[in-house]
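Understanding the architecture of this molecule
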Amino acid sequence: DAGITQSPRHKVTETGTPVTLRCHQTENHRYMYWYRQDPGHGLRLIHYSYGVKDTDKGEVSDGYSVSRSKTEDFLLTLESATSSQTSVYFCAISGGPSGRGLEQFFGPGTRLTVL
Amino acid sequence: AQTVTQSQPEMSVQEAETVTLSCTYDTSESDYYLFWYKQPPSRQMILVIRQEAYKQQNATENRFSVNFQKAAKSFSLKISDSQLGDAAMYFCAYRSAGGNKLVFGAGTILRVKS
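Figured I'd write up the structure that's included with this text. Along every chain, residues carry numbers that run from 1 in the direction the sequence is written. Here the convention is simple: chains get letters from A, ligands get numbers from 1, in the order in which they are written. Only residues with pLDDT of at least 70 are given local features in this predicted model, and only at 80 or more are side-chain atom pairs given and counted; all residues enter the totals for whole chains, interfaces and linings. For the side-chain quantities, the full set of heavy atoms in the structure was used; hydrogens and water were omitted.

Some words on the overall build of chain A
In this text, helices come from DSSP runs of H or I with a minimum length of four residues, and strands from runs of E with a minimum of two, each type numbered from the N-terminal end. When helices and strands are tallied, chain A shows 0 helices and 11 strands. Reading chain A from its N terminus to its C terminus gives the helix and strand order β-β-β-β-β-β-β-β-β-β-β. The globule rule used here is 2.2 Å times the number of residues to the 0.38 power, and the radius of gyration it is set against is calculated over C-alpha atoms. Over its C-alpha atoms chain A spans a radius of gyration of 13 Å, differing by no more than 12% from the 13 Å that the globule rule assigns to 115 residues. Taking the principal axes of its C-alpha atoms as reference, chain A extends roughly 40 × 25 × 25 Å. Split into buried and exposed, the 115 residues of chain A put 51% on the buried side. Every residue pair with non-hydrogen atoms within 4.5 Å of one another is taken to be in contact. A fraction of 57% describes how many contacts in chain A between residues 6 or more apart in sequence connect residues 24 or more apart. For chain A, the distance from the average position of its 12 positive side-chain charges to the average position of its 12 negative side-chain charges is 2 Å. Exposure is judged per residue with a 1.4 Å probe applied to protein chains only, and the accessible area is read against the type maximum: over 50% gives exposed, under 20% gives buried, and values in between give partly exposed. Charged residues are defined here as Lys and Arg on the positive side and Asp and Glu on the negative side; His and the ends of the chain fall outside this count. Here the site of a charge means atom NZ of a Lys, CZ of an Arg, CG of an Asp or CD of a Glu.

Rendered as structure tokens:
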């Protein structure tokens, strides 16, 4: 257990509403990531962070924003949820405090349904 | 951009038998890392095995081993003595040596029959 939690674990929302998912780590890893998992696509990177207030876009960033005001927290926001954003969302951490660790550790996932 | 392809959407194996999951990737880089992750029904992502591209020796972790063919850009996972607990979705993933992001394949569902 890499000390990574996600909240909420399940959420059902309606099209057009804002949604924020939270990732919290207790391991002081430098890098944090948000992925979405969809059938036939594996996991795809949405956004990642390489330090406090340092973030960058991933492969499927449209419609998502992120923020990292503290080392331990990485927030993913859907400003106006759409049905195409129905997915399972995973947070991951890596690098350790130095940023050199190779392995990514994953949170338990959040199942989001947009009606 | 790098891509990872898993051409087998589903595989089945009899308990105690051996199964091989395929993965190919496309990259112009010479230094990188390859991973196999397991995702059981609990949804938790678990690292199974890792291979550094600069190492010629294939990685092994207990019943799990890889066949890394750098020139062919192939990275297959062999599971020996399959157990019911091996039933899961398996993902192959690529990471540049100079980066931190993972690129995943679409996954292979492995079913283990008793």
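With respect to the interface of chain A and chain B
Chain A puts 26 residues into the contact, and the matching count from chain B is 18 residues. Accessible area that two parts lose when put together, with a 1.4 Å probe and added across both, is what the buried area reports. Carbon and sulfur atoms supply 53% of the area buried between chain A and chain B, which totals about 1,700 Å² over both sides. Under this definition, polar contacts are N or O atom pairs within 3.5 Å; protein pairs additionally need one hydrogen-donor-capable and one acceptor-capable atom, and for neighbouring residues in sequence, both atoms have to be side-chain atoms. Inspection of the region where chain A meets chain B yields 7 residue pairs in polar contact (both at pLDDT 80 or more). Mapped by element, the contributors of at least two residues to the side of chain A that touches chain B are β4 (31-38), β5 (42-51), β9 (87-94), β10 (104-106) and β11 (110-114) of chain A. Classification convention: Asp, Glu, Lys, Arg as charged; Ala, Val, Leu, Ile, Met, Phe, Trp, Tyr, Cys, Pro as nonpolar; all other residues, Gly among them, as polar. Classifying every residue of the side of chain A that touches chain B gives 11 nonpolar, 12 polar and 3 charged.

What about the side chain of B:Gln51?
Residues and elements named next belong to chain B. Considering the arrangement of structural elements, one finds glutamine 51 in strand β6 (residues 46-52). Of the polar contacts made by the side chain of glutamine 51, one reaches the backbone oxygen of glutamine 57; its length is 3.1 Å. There is a polar contact of 2.9 Å between the side chain of glutamine 51 and the backbone nitrogen of alanine 59. In contact with glutamine 51, not counting residues within four places along its chain, are Tyr32, Tyr33, Leu34, Gln57, Asn58, Ala59, Val66, Phe68 and Phe75.

Section: the pattern of salt bridges
What makes a salt bridge here is a side-chain nitrogen of Lys or Arg within 4 Å of a carboxyl oxygen of Asp or Glu, nothing more. For the structure on display, the rule yields 9 salt bridges over all chains. For B:Arg50, the salt bridge is made with B:Glu52, and the minimal N-O distance between the two is 3.1 Å. The exposure class assigned to B:Arg50 is partly exposed, which follows from its relative accessible area of 32%. Note on B:Glu52: relative accessible area 8%, which makes it buried. It is possible to trace a salt-bridge network through shared partners that takes in A:Arg22, A:Lys70 and A:Asp73.

Some remarks on the sheet that holds strand β1 (residues 4-7) of chain A
Residue and element names in this part refer to chain A. For two strands to count as paired, DSSP must find a minimum of two bridges between them. Taken in spatial order, the 4 strands line up as β1-β3-β8-β7 in an open sheet, and their pairing is antiparallel. The open sheet has two edge strands, β1 and β7 (64-70), and neither has a second partner. Ignoring which end each strand starts from, the neighbouring axes of this sheet average 20 degrees apart. Of the strand pairs in this sheet, β1 and strand β3 (residues 19-25) are connected by 4 bridges, and their pairing is antiparallel. Inter-axis angles, ranging from 0 to 180 degrees, are taken between N-to-C directions of lines fitted to C-alpha atoms, where helices are fitted over the stretch in contact.

Remarks on the state of the cysteines
Residues and elements named next belong to chain A. Count a disulfide wherever a pair of cysteine sulfur atoms falls within 2.5 Å. Overall, the coordinates contain 2 disulfides over all chains when judged by the stated rule. Linked covalently through their sulfurs, cysteine 23 and cysteine 91 form a disulfide whose S-S length is 1.9 Å. With the S-S dihedral at roughly -70 degrees, the linkage between cysteine 23 and cysteine 91 falls on the left-handed side. Taken as a pair, cysteine 23 in strand β3 and cysteine 91 in strand β9 lie far apart in primary sequence, 68 residues in all.

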